Amino acid sequence: MVRAGGGALHGVPFVDDYVETTRPIADLATQYSGIHAGDLTVGTSPYKLSTMKEAYKKLRLLVDCGCIIIGHGLKHDFRVCNIVVPAAQQRDTMVLFQSPQHIRPIALRFLYWFFYQKHVQTGEHSSVEDAQTALKVFESYRRCVGGD
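In short, a report on the structure.

Each value, and the rule that gives it
- Residues numbered from 1 in each chain as written.
- Predicted model: local features only at pLDDT ≥ 70, side-chain atom pairs only at ≥ 80, totals over all residues.
- Heavy atoms only, no water.
- Core = buried A, V, L, I, M, F, W, Y, C linked by side-chain atoms within 4.5 Å.
- Buried < 20%, exposed > 50% of the residue type's maximum accessible area, 1.4 Å probe, protein only.
- Contact = heavy atoms within 4.5 Å.
- Phe/Tyr/Trp six-rings, centres within 6.5 Å; stacked < 30°, edge-to-face > 60°.
- Helix = DSSP H or I, 4+ residues; strand = E, 2+ residues; numbered from the N terminus.
- Salt bridge = Lys/Arg side-chain N within 4 Å of Asp/Glu carboxyl O.
- Lys, Arg positive; Asp, Glu negative; His and termini not counted.

Moving on, we come to the nonpolar core. Within soluble globular proteins, side chains that are nonpolar tend to cluster in buried spots. Core analysis: the largest hydrophobic core is formed by ten residues, namely Phe97, Leu108, Leu111, Tyr112, Phe115, Val120, Ala134, Val137, Phe138 and Tyr141. Look past the residues within four positions of Val137 in its chain and what remains in contact with it is Thr93, Phe97, Leu108, Leu111, Tyr112 and Phe115.

A few words now on the packing of aromatic side chains. Under the counting rule described, the total for this entry stands at eight aromatic pairs. On the basis of an interplanar angle of 65° and a centroid distance of 5.8 Å, the ring pair of Phe97 and Phe115 is categorised as edge-to-face. One end of the pair, Phe97, is in the loop between helix H4 (93-96) and helix H5 (108-116); the other, Phe115, is in helix H5, with 18 residues separating them in the sequence. The exposure classification of Phe97 matches that of Phe115, with both residues buried. One aromatic cluster is present, built from ring pairs that chain together Phe97, Phe110, Trp113, Phe114, Phe115, Phe138 and Tyr141.

Here we take up unusual backbone geometry. Its identity as a non-glycine residue notwithstanding, Ala29 has a phi of 45°, on the positive side. Following the sequence through the fold, Ala29 ends up in the loop between strand S1 (18-19) and helix H1 (30-33). For Gln117, which is not glycine, the phi dihedral falls at a positive 50°. One can find Gln117 in the loop between H5 and helix H6 (127-145).

Moving on, we get to the pattern of salt bridges. This model, assessed by the stated rule, comprises two salt bridges. Residue Lys58 pairs with Asp17 through a salt bridge whose shortest N-O separation is 3.0 Å. Here Lys58 is found in helix H2 (residues 52-64), whereas its partner Asp17 is found in the segment before S1, with 41 residues between them in sequence. With a relative accessible area of 26%, Asp17 lands in the partly exposed category. Between Arg60 and Asp64 there is a salt bridge, and its shortest N-O distance comes to 3.1 Å. Of this pair, Arg60 and Asp64 both sit in helix H2, separated by four residues, roughly a single helical turn. Accessibility expressed as a relative area gives 22% for Arg60, which makes it partly exposed.

Along the chain, Phe14 turns up in the segment before S1. C-alpha of Phe14 to C-alpha of Arg3: the two residues are eleven residues apart in sequence and 6.8 Å apart in space.

Moving on, we get to the side chain of Asp39. Position of Asp39 among the secondary structure elements: in the loop between H1 and strand S2 (49-50). No salt bridge is formed by the buried Asp39; its nearest oppositely charged neighbour, Lys48, is found at 15 Å. Among all residues touching Asp39, those that are not within four sequence positions of it are Tyr18, Gly34, Ser45, Pro46, Tyr47 and Leu49.

Set out below in structure tokens:
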């Protein structure tokens, strides 16, 4: 997650948890997840690991405080986290740019290219890059429609 709302910390990451796992993962899908062998294992991970409960509590606190969550494909993310976020607190760029005539959602990578003529997500997946990209695409959406 990155901060929104302007100021010096706008777009700066403040939650990027790696959640420890004790069960083996058959396919890390590193290209899409950005996760490498050992990243989620206590004792070998180069990251500070959180438990699923700790990560859930952080997200629950933000939701309970009324924070607006901006992202791309939030429905899936919330389902994975097993959390319900009121629709009034969600700004999902996948939903905002969904056409009723097309079933397939528009990729965040394409939306960013459309607005900025720059490429993102060219290497391994980065949750920070995704959060910053979704925020910029949402800001472009607000400029286009003239508000929230």
